[in-house]
Amino acid sequence: MDEFMKAAIEEARIGLAECGIPIGSVLVKDGKIIGRGHNRRVQEGDPITHAEIDCLRRAGRVGSYKGTTLYSTLSPCYLCSGAVVQFNIKKVVVGESVTFPGAPEFLRAHGVEVVNLDLPECIQMMQDFIANNPRLWNEDIGEL
């Protein structure tokens, strides 16, 4: 596992420690992390603050996203995938899509390369969270 996915996992663990949903993300440009974030829906009471959105907000204005790669511990939903397409990010590296499929077809249809690592660590973290917090998880994915 590369250093960037490790950083995304670290962000997910921070979110979990804050009693939030353990999903983390980092944005990489020119081999350096320029943004980090995690799901803060619970912590901030904001339904839009998914990990990828938090990461993009914290990266700030970067001008062109050409050559950037977004890492996420969980396959991005349509909201976050829309942000990827909107900002013309051409590569997304996913920790796992077993617990939530996300929107990889949407991303690929818009010219985004999606690399799914299927990492046991990411799968286990989400499975444990979902088992312990089914109502919160269902709220997060709009299934309540």
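Our subject in this report is the structure included herewith. Because the structure is a prediction, the values reported are computed rather than measured.

Turning our eyes to something else, we now look at the overall build of the chain. Within the chain, the regular secondary structure consists of seven helices and five strands. Each helix and strand of the chain, placed in order from N terminus to C terminus, yields the pattern α-β-β-α-α-β-α-β-α-β-α-α. Relative to the 2.2 N^0.38 estimate, which gives 15 Å for 144 residues, the radius of gyration of the chain is 14 Å and therefore close to what a compact globule would have. Taken over the C-alpha atoms alone, the chain extends approximately 40 × 30 × 25 Å along its principal axes. The buried share among the 144 residues of the chain stands at 48%. Pairs at least 24 residues apart make up 53% of the contacts formed inside the chain by residues separated by at least 6 positions. With an accessible surface of roughly 7,100 Å², the chain has 51% of that area assigned to carbon and sulfur atoms. Here the chain carries 15 positive and 19 negative side-chain charges, and the mean point of each set is 8 Å from the other.

Side chains that carry opposite charge are capable of pairing whenever their charged atoms lie near each other. Overall, the coordinates contain eight salt bridges when judged by the stated rule. Arg 58 is paired through a salt bridge with Asp 54; the nearest N and O atoms lie 2.8 Å apart. Of this pair, Arg 58 and Asp 54 both sit in helix α3 (residues 51-59), separated by four residues, roughly a single helical turn. Taking relative accessible area as the criterion, Asp 54 reaches 3% and is therefore assigned buried.

Take the packing of helix α1 (residues 3-17) against helix α6 (residues 120-132) next. The description of two helices packed together rests on the angle between their axes and the distance between the axes. Here α1 crosses α6 at 15°, and the two axes come no closer than 11 Å. Relative to α6, the element α1 is oriented roughly parallel. For the element pair α1 and α6, the recorded crossing hand is left-handed. Note on element contacts: α6 touches α1 through Glu 121, Cys 122, Met 125 and Phe 129, opposite Ile 9, Ala 12, Arg 13 and Leu 16. When its residues are assigned to classes, the contact of α1 with α6 shows six nonpolar, no polar and two charged.

Quick notes on the rules
- Residues numbered from 1 in each chain as written.
- Predicted model: local features only at pLDDT ≥ 70, side-chain atom pairs only at ≥ 80, totals over all residues.
- Heavy atoms only, no water.
- Helix = DSSP H or I, 4+ residues; strand = E, 2+ residues; numbered from the N terminus.
- Rg over C-alpha atoms; globule rule 2.2 N^0.38 Å.
- Buried < 20%, exposed > 50% of the residue type's maximum accessible area, 1.4 Å probe, protein only.
- Contact = heavy atoms within 4.5 Å.
- Areas by Shrake-Rupley, 256 points an atom, 1.4 Å probe, with all protein chains shown as cover.
- Lys, Arg positive; Asp, Glu negative; His and termini not counted.
- Charge placed at Lys NZ, Arg CZ, Asp CG, Glu CD.
- Salt bridge = Lys/Arg side-chain N within 4 Å of Asp/Glu carboxyl O.
- Axes fitted to C-alpha atoms, helices over the stretch in contact; angles between N-to-C directions.
- Parallel < 35°, antiparallel > 145°, perpendicular 65-115°, else oblique.
- Left-handed = near helix turned anticlockwise from the far one by under 90°.
- Nonpolar A, V, L, I, M, F, W, Y, C, P; charged D, E, K, R; others polar.

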